[in-house]
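Breakdown of the fold
Spelled out from the first residue to the last, the chains are:
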Protein chains: 4
Amino acid sequence: MDRTKEQARRLADSLASRGVSFDDAVESLTKLQIEMPSWAVGDSGTRYGTFRERGSARTIWDKIDDVAEIQRVCGICGAMAMHIAWDKTDDGQYLPVKRYANERGLALGTMHPDGFTKQEYIYGSIATPIGAVREASILHYKECVRVARELGIKAIGMWVPDGTNYAGQDDLRARKHRLTDGMRALYDALDDDMQLFLEYKPFEPYFYSTDVFDWGMSLLTCTKLGPRAKVLVDLGHHLSGVNIEQIVAVLMDEDRLGAFHFNNRKYADDDLIVGSVNPFELFLILNEIVAGQAAGLSPGVTYMLDQSHNIEPSIEGILFSVMNVHAAYAKALAVDRAALAEAQGNLDVVGAHRILKDAFETDIAPLLAAAREQMGLPGADPLSAYRDGGYAQKIADERNFGGMGTLGG
Amino acid sequence: MDRTKEQARRLADSLASRGVSFDDAVESLTKLQIEMPSWAVGDSGTRYGTFRERGSARTIWDKIDDVAEIQRVCGICGAMAMHIAWDKTDDGQYLPVKRYANERGLALGTMHPDGFTKQEYIYGSIATPIGAVREASILHYKECVRVARELGIKAIGMWVPDGTNYAGQDDLRARKHRLTDGMRALYDALDDDMQLFLEYKPFEPYFYSTDVFDWGMSLLTCTKLGPRAKVLVDLGHHLSGVNIEQIVAVLMDEDRLGAFHFNNRKYADDDLIVGSVNPFELFLILNEIVAGQAAGLSPGVTYMLDQSHNIEPSIEGILFSVMNVHAAYAKALAVDRAALAEAQGNLDVVGAHRILKDAFETDIAPLLAAAREQMGLPGADPLSAYRDGGYAQKIADERNFGGMGTLGG
Amino acid sequence: MDRTKEQARRLADSLASRGVSFDDAVESLTKLQIEMPSWAVGDSGTRYGTFRERGSARTIWDKIDDVAEIQRVCGICGAMAMHIAWDKTDDGQYLPVKRYANERGLALGTMHPDGFTKQEYIYGSIATPIGAVREASILHYKECVRVARELGIKAIGMWVPDGTNYAGQDDLRARKHRLTDGMRALYDALDDDMQLFLEYKPFEPYFYSTDVFDWGMSLLTCTKLGPRAKVLVDLGHHLSGVNIEQIVAVLMDEDRLGAFHFNNRKYADDDLIVGSVNPFELFLILNEIVAGQAAGLSPGVTYMLDQSHNIEPSIEGILFSVMNVHAAYAKALAVDRAALAEAQGNLDVVGAHRILKDAFETDIAPLLAAAREQMGLPGADPLSAYRDGGYAQKIADERNFGGMGTLGG
Amino acid sequence: MDRTKEQARRLADSLASRGVSFDDAVESLTKLQIEMPSWAVGDSGTRYGTFRERGSARTIWDKIDDVAEIQRVCGICGAMAMHIAWDKTDDGQYLPVKRYANERGLALGTMHPDGFTKQEYIYGSIATPIGAVREASILHYKECVRVARELGIKAIGMWVPDGTNYAGQDDLRARKHRLTDGMRALYDALDDDMQLFLEYKPFEPYFYSTDVFDWGMSLLTCTKLGPRAKVLVDLGHHLSGVNIEQIVAVLMDEDRLGAFHFNNRKYADDDLIVGSVNPFELFLILNEIVAGQAAGLSPGVTYMLDQSHNIEPSIEGILFSVMNVHAAYAKALAVDRAALAEAQGNLDVVGAHRILKDAFETDIAPLLAAAREQMGLPGADPLSAYRDGGYAQKIADERNFGGMGTLGG
């Protein structure tokens, strides 16, 4: 027996002793789906400027090509999340975008309305004091739903980027009412098979108050709307110290966990590669999902990446992120849940904690390898397959510095 | 006209120009009530130990005497919040406590059940995995309601100090269910004219998860219980950066703001003198309350102090805290609300912010002086009146180092 | 006697009782100087985009005009801090800039080299692994010194915006050596009457490590350079909880406090109006400076504003900031230092704290009014004088939306 | 070949490909030494009380027995760090303590003076305004040095727990001078072969200012003292967001890294099991040490555990902590340093980061197993060996609830 098979067999034995089937875990790993946002594969930066990457996507067609390449090496990234302001043809069409994506083997994922790319949003979009801007926002939401319907998209991912910069600038309760009214208009426009995911964020681009500032505010608003309004958890949208996995557990228990934006933060909304700051936290979050789904909760959570690859090549940053999520998910699948429940019941604090830690420390490479094999993917891992595949050189040559970077030099 | 009257007249003119009546403001200032928790006037400290203060309260009778002295010089502290584990006679009676408090001119305020003073609470009180401890907690809650009924107390202030220290130690969703069930048992035991205030806290005494970790979790739980379950906001129970006044605005708008525990934090739950770290934030919080109450919201918010006077004489720390709240409340009353609304409507960011800042900068000493005069209080301010009154010397002589300090030396 | 004089006399009496001369305080208030950075008066924004303000400065000449207007109404903003990449004529000349500034009554203040506006700075400027970029940075520093010499500028304000985004990306000790070597090259290029101010910042534009990440790293580097290298404290460049006034006290004691960048943060480096988040903290910082300078320390601290007026009119935001600093400085001058020292000596915790709080609560409007009168300034305060002066309308008409905003709409 | 040997061989191959010798790594793992503080094995808790653990150490003899048991199963915990106020016989003798420790196979480690266990320390120990307390503190330091000399201890671990709770309470610069003078008195009392480790902490037990508040303040003070004064890094003593591994890198580069107190924080100074919150951060810290020591820096860093096992059995919490450090150290040894340097040189951001991540993900169980075998240790790992060894039952029976817990019930 060769090494790889021997390792896989050994891991299968170890998992079996934890009540986990190797084959079932592989199956789960092949079924994971992480939507790629179209905006992740272009240049992105900080308020100080955006470095231009050679080969960066110039058009929506480039973006689709990039996501297709990502899917080629990852196998679990078969849908592209859309941003309505950016992801259309130059003459404002969406169907050609869908057709090209489908041709490249991609589905279209969550639709994200816009609330920040225009001058008129200076005091907010739907929570602004300016009635005309609120009305335009609602029209925009309805247009998003219409386009989603046209494209067969079943979820709207709503980030309300509104807030204020100074105490007194606006009436906080009035803003809350405007927000709720606007979200209700959006929700009411949805088809019966569509969902609304409402994102929260504590600060940025405003720095005194944010209208949907935390999970509690998002949940409160969703509850007012109806059962298809759910919370979107962006890992970077928390203040230091927040226990994200507990929020996930609470939302699942309330049947209000809708979607994730994966990334990592060390300070603010840093939008770093997910798993690069605290991979154990990522594991704990996925562990709550795996545990909750095993109990029948939130079967249809939507995963997306939402990061900002300021200095690393975007596609490489994305691939490493997908690898980190895939690995953390595999580890979450490797938890011995019966033993965990028993240790918890026995009040064995260190023992119970250790069971999670042991799963986190498990070498799950054979699981990932088997999943890759089952999906017929090239190479040892996505990053290696990408680096070996020549795509980076190809786009560098073709696109040169055609992206959206703003810095000179 | 003497200086003081001249200053009062000048302030009255200034307030009138803002649409604020000096006399109404004075009336509001005399009606403010801040409950004094019985536990604030004894020794308190950190996990490293408790310094003993000469004159510190030794018994519940001493505590009542101290609160009576506080009320003598403050005039707005006429009720003592109770902790059921501590505030009884040595043979477990409560009525004599009430009688003595009434004799000293004090009412009894919010009743606080216990969840942390016993060995059995090691894994939590109502959210513990141990069924017998949960049952005992519910019995304890019912006993609290019975005692409250006996004492004529109309509110239960519930801090659930439960949580876990390590990932995996317990099932987070199971804990949520235990918490909800326990709170429902307490709520159902209440008389129809009683309220439940549910406190939240992000960490301490547990450091991985807390079962009621933020306002969202408290609100979610309250919503499951009924309309008389409301959120208790402790100023120190927030992570760095949280916009507390916005939470207050949201809770008022939802008719779920129940009560406050006043104190200040710079780092963790520091329990410092309220107003000592960021007096502008205290003003902004009270500003939301004044604005909301002017709109008819949350007319009956309960205020309490909940601090830890580790090194300063407890009574002095309390008096300065009451002064800070009183002053911040006076400033909140001094906001020109019509001008503020107009500036907000005009999108005048700096102008609107400045209106709050101007109210904050207003020299409201004449308002406080008039309120003191109307209440017939001694001295220029509570702290001076106390220092001049001889009480500190009296208790130092009588009680010596009889308090609960733990440190030697 | 009219009201204003009466109020001034009353404050003078109050100050006298604290050992503070009204006239001396006024004198100090007229001598305060806050440099205006040229980049503050143009459009600024977040990574999501920059709103365009009507009337925003289009050119260096516009910027000088704006600062001259600020100085017209403030009287303490007579110098413009320079950024070498931006503040020159289109054909790269600096002397015409100086001449025009001088004509408008302005001096030139601190010179800020560049380290982030070019593509080549992707991995850092002076701490980058790329030798050629480091060499170019040193040449740029030397050019800055040359230009400073030409313009008569005596201080270089150095923000090294370098860092890394991922653990392992670079060797942290190697970066430290590159940083030190680069700063030494800059220091050694200085004339004997020039100072280097080294800024620190914990994160942004990089989010894993920053090469000059806190005051300790700045001080350590300065110490290696020589006595004219000093620390620059930007109020927004601290993690939550940092006691900034203590850092100021330590740096003064070490004779290493060089300069300030004023602004306020609630979350990250929010660059809000200074004094808008916690005006008491601003007072405490200035209090340390006043106390230290009374003891002969750091007589020549340089003050600058460094903010980002994303939504409010830039000039209004600046004027309100200057007003906040002026007021906080007046309050710091109003501290009864003898009483404070006595209370501290008596271990009177509440009493000593109250002395600071009383100074903070002092209505110092008469001091500011007298200082304005002495400086011959128009109007009741800078903001009113500006709003009454017609300048905003003038630049709105002349410049329209000619600034650097990036958002459409 | 059996499984274990096969796994070891496979890991050895993998390590060899990274330029790491399996045998050298094992050797390094056997040489790691983590001092056990005597105070870790007794009951500990929060300000709300201390739960009593059955079997908790009652006396210094019990503590030595516990550390001996820890060493029996860990093999790398052969020294007990001392606290001078606690670790003596009832009649104040230290030599019998040393003798008993030596009999049990233990050395004595770092000596920790006291600054917080007495009433007189209310305003601080060495930085207090009270001259007599400062003098007593210095006498105490000298006594510590004398006892250290008597016991053959070569390092003093100094935590100055001083600070203030309110702005204005004391003069911050005066406190800095008192601190420096006191540390100088201690340093000057040291023998030439003794070191001083100066700890820093941002808050607690004081909550406005701390006299040695961060690494910069500790380093500044050490620099004033002399080359044998070094910084002690306690992992829990940082504000949220601080990059600890960068501080370690800086201190090593300055030859000022003295010692570590291991533990973990999520919020404040939580004193949780090290590695339980962010094991990747622990790895990154040890990675800096391994890298620095490979470059000849800081060869003699001292490691200690300093935790608070509030709810888990203390010895179990300690054993799991030692296992976490040992594992993280093994992973740090497994970094391919040549490949890392090459990737850094190639500006390969994702590649360089991945090399660290790959080392972190390495299954280093065979390394730990080999180290255990070489040290002749029982069982599969420390925790299992302890649970199988019967010691817990033995001390539970012998000691019952004899520890220092404060809670009733």
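Remember, it's a predicted structure, so these values are computed and weren't measured experimentally. Here the residue numbers are simple positions, counted from 1 along each chain's written sequence. As they are written, the chains are lettered A onward and the ligands numbered 1 onward, keeping that order. It should be noted that, the model being predicted, local features are given only for residues of pLDDT at least 70 and side-chain atom pairs only at 80 or more, the latter also being counted only at that level, while totals for whole chains, interfaces and linings use all residues. Excluded from the side-chain calculations are hydrogens and water; all other atoms, namely the structure's heavy atoms, are used.

When chain D is fitted to chain C, the best match, at an RMSD of 0.0 Å, comes from turning it 180° and sliding it 0.0 Å along the axis. What the rotation and shift describe, once combined, is the action of a two-fold rotation axis. Closest approach to the rotation axis among the C-alpha atoms of chain D is made by D:Gly216, whose C-alpha sits 2.0 Å away. For the least-squares superposition of copies, only C-alpha atoms count, and only for residues with pLDDT at least 70 in both.

Before going further, it helps to examine unusual backbone geometry. Here the residue pair A:Glu204 and A:Pro205 is connected by a cis peptide bond, since its omega of 10° sits within 30 degrees of zero. Helix numbering and strand numbering both begin at the N terminus, where a helix is a DSSP run of H or I of at least 4 residues and a strand a DSSP run of E of at least 2. Tracing the backbone shows A:Pro205 in the loop between strand E6 (195-199) and strand E7 (209-210).

In screw terms, the move from chain A to chain B is a rotation of 180° and a rise of 0.0 Å along the axis, fitting with an RMSD of 0.0 Å. Residue by residue, 100% of the interface of chain A is reproduced at the interface of chain B, so both copies engage with the same surface. A contact between two residues is defined here by any heavy atoms of the two lying within 4.5 Å.

Residue and element names in this part refer to chain C. Alternating positions in strand E4 (residues 155-158) separate into two faces, Ala 155 and Gly 157 on one and Ile 156 and Met 158 on the other, with burial throughout. Judged from the four bridges that link them, E4 and strand E6 (residues 195-199) form a sheet pairing that is parallel. From the neighbouring strand, Gly 157 faces E6, where its bridge partner is Phe 197. The rule is simple: take the accessible area with a 1.4 Å probe, protein chains only, and divide by the maximum for that residue type; under 20% is buried, over 50% is exposed, in between is partly exposed. The pairing criterion is simple: DSSP has to find at least two bridges between the two strands.

With that out of the way, let us pick up the interface of chain A and chain B. The interface of chain A with chain B comprises 50 residues on the first partner and 50 residues on the second. Buried area: the accessible area, evaluated with a 1.4 Å probe, that two parts lose upon being put together, summed over both parts. Summed over both sides, the interface between chain A and chain B buries roughly 4100 Å², with carbon and sulfur atoms accounting for 62% of that surface. On the chain A side of the contact with chain B, A:Arg173, A:Gln246 and A:Leu347 bury the most area, a combined 16% of that side's loss. Definition used for salt bridges: Asp or Glu carboxyl oxygen within 4 Å of a side-chain nitrogen of Lys or Arg. At the junction of chain A and chain B, the tally comes to six salt bridges. Among the salt bridges present, the one from B:Asp253 reaches A:Lys176, with a minimum N-O distance of 2.6 Å. Counting of polar contacts relies on pairs of N or O atoms within 3.5 Å, with two restrictions inside protein: one atom must be capable of donating a hydrogen and the other of accepting it, and residues adjacent in sequence are counted only when both atoms are side-chain atoms. Counting the contacts that link chain A with chain B gives 20 residue pairs in polar contact (both at pLDDT 80 or more). Residues that form the side of chain A that touches chain B fall into these classes: 26 nonpolar, 13 polar and eleven charged. Polar here means any residue outside two lists: the nonpolar Ala, Val, Leu, Ile, Met, Phe, Trp, Tyr, Cys and Pro, and the charged Asp, Glu, Lys and Arg; Gly therefore counts as polar.

Mapped onto the elements, D:Arg10 comes out in helix H1 (residues 3-17). You can call D:Arg10 buried: its relative accessible area is 10%. Between the C-alpha atom of D:Arg10 and that of D:Pro366, which follows or precedes it by 356 residues, the distance is 9.3 Å. Apart from the residues lying within four places of it in its own chain, the contact partners of D:Arg10 are A:Arg3, A:Glu6, A:Gln7 and A:Arg10.

Across the boundary between the two partners, chain D contributes 50 residues, which contact 50 residues of chain C. Summing the contributions of chain D and of chain C, the shared interface buries around 4100 Å²; its carbon and sulfur component is 62%. Our count for the contact surface shared by chain D and chain C stands at six salt bridges. Linking chain D with chain C are 20 residue pairs in polar contact (both at pLDDT 80 or more). Residues belonging to the side of chain D that touches chain C are distributed by class as follows: 26 nonpolar, 13 polar and eleven charged.

So, about the packing of helix H10 (residues 314-333) of chain D against helix H13 (residues 365-375) of chain D. Axes are the key here: two packed helices are described by the angle between their axes and the distance separating the axes. All names here are of chain D. Put simply, H10 and H13 touch, their axes get as near as 10 Å, and they point 115° apart. Classified by the angle between their axes, H10 and H13 sit roughly perpendicular to one another. Here H10 and H13 pass one another in a crossing that is right-handed. Each of His 326, Ala 327 and Ala 330 in H10 lies in contact with H13, whose residues at this interface are Leu 367, Leu 368 and Met 375. Among the residues forming the contact of H10 with H13, the class breakdown is five nonpolar, one polar and no charged. The angle between two axes is taken between their N-to-C directions and runs from 0 to 180 degrees, where each axis is a line fitted to C-alpha atoms and a helix contributes only its stretch in contact. These descriptions rest on fixed angle ranges, namely under 35 degrees for roughly parallel, over 145 for roughly antiparallel, 65 to 115 for roughly perpendicular, and the rest for oblique. The handedness criterion is simple: a crossing whose near helix is rotated anticlockwise from the far helix by less than a right angle is left-handed, and one whose near helix is rotated clockwise is right-handed.

This part takes up helix H1 (residues 3-17) of chain C. Between the first and last residue of a helix there are one fewer steps than residues, each counted as 1.5 Å, and that sum is the expected span. Look at H1(C): 21 Å from first C-alpha to last across 15 residues, which is about the 21 Å you get at 1.5 Å a residue. Those residues of H1(C) that sit buried are C:Glu6, C:Ala8, C:Arg10, C:Leu11 and C:Leu15. On the buried face of H1(C), the contacting elements are helix H1 (3-17) of chain B together with helix H2 (22-31) and helix H13 (365-375) of chain C. Following H1(C) by one or two positions, C:Gly19 has its phi on the positive side, about 80°.

Take the environment of B:Ala385 next. Residue and element names in this part refer to chain B. With respect to the helices and strands, the residue Ala 385 is situated in helix H14 (residues 382-389). Ala 385 sits 289 residues away from Pro 96 along the chain, and the two C-alpha atoms are 29 Å apart. Residues contacting Ala 385, with those up to four places away along its chain left out, are Arg 72, Val 73, Arg 372, Pro 378 and Gly 379.

As a further point, take the pattern of salt bridges. Counted under the stated rule, the structure contains 128 salt bridges over all chains. For A:Asp62, the salt bridge is made with A:Arg399, and the minimal N-O distance between the two is 3.4 Å. In this pair, A:Asp62 is assigned in helix H3 (residues 60-74) and A:Arg399 in helix H15 (residues 391-399), connecting sequence segments 337 residues apart. Accessibility expressed as a relative area gives 4% for A:Arg399, which makes it buried. Between A:Glu398 and A:Lys394 there is a salt bridge, and its shortest N-O distance comes to 3.6 Å. Of this pair, A:Glu398 and A:Lys394 are both found in helix H15, four residues apart, which corresponds to roughly one turn of the helix. When its relative accessible area of 43% is taken as the criterion, A:Lys394 is described as partly exposed. Each member of the salt-bridge network shares a partner with another, and the members are A:Arg47, C:Lys201, C:Glu204, C:Asp269 and C:Asp271.

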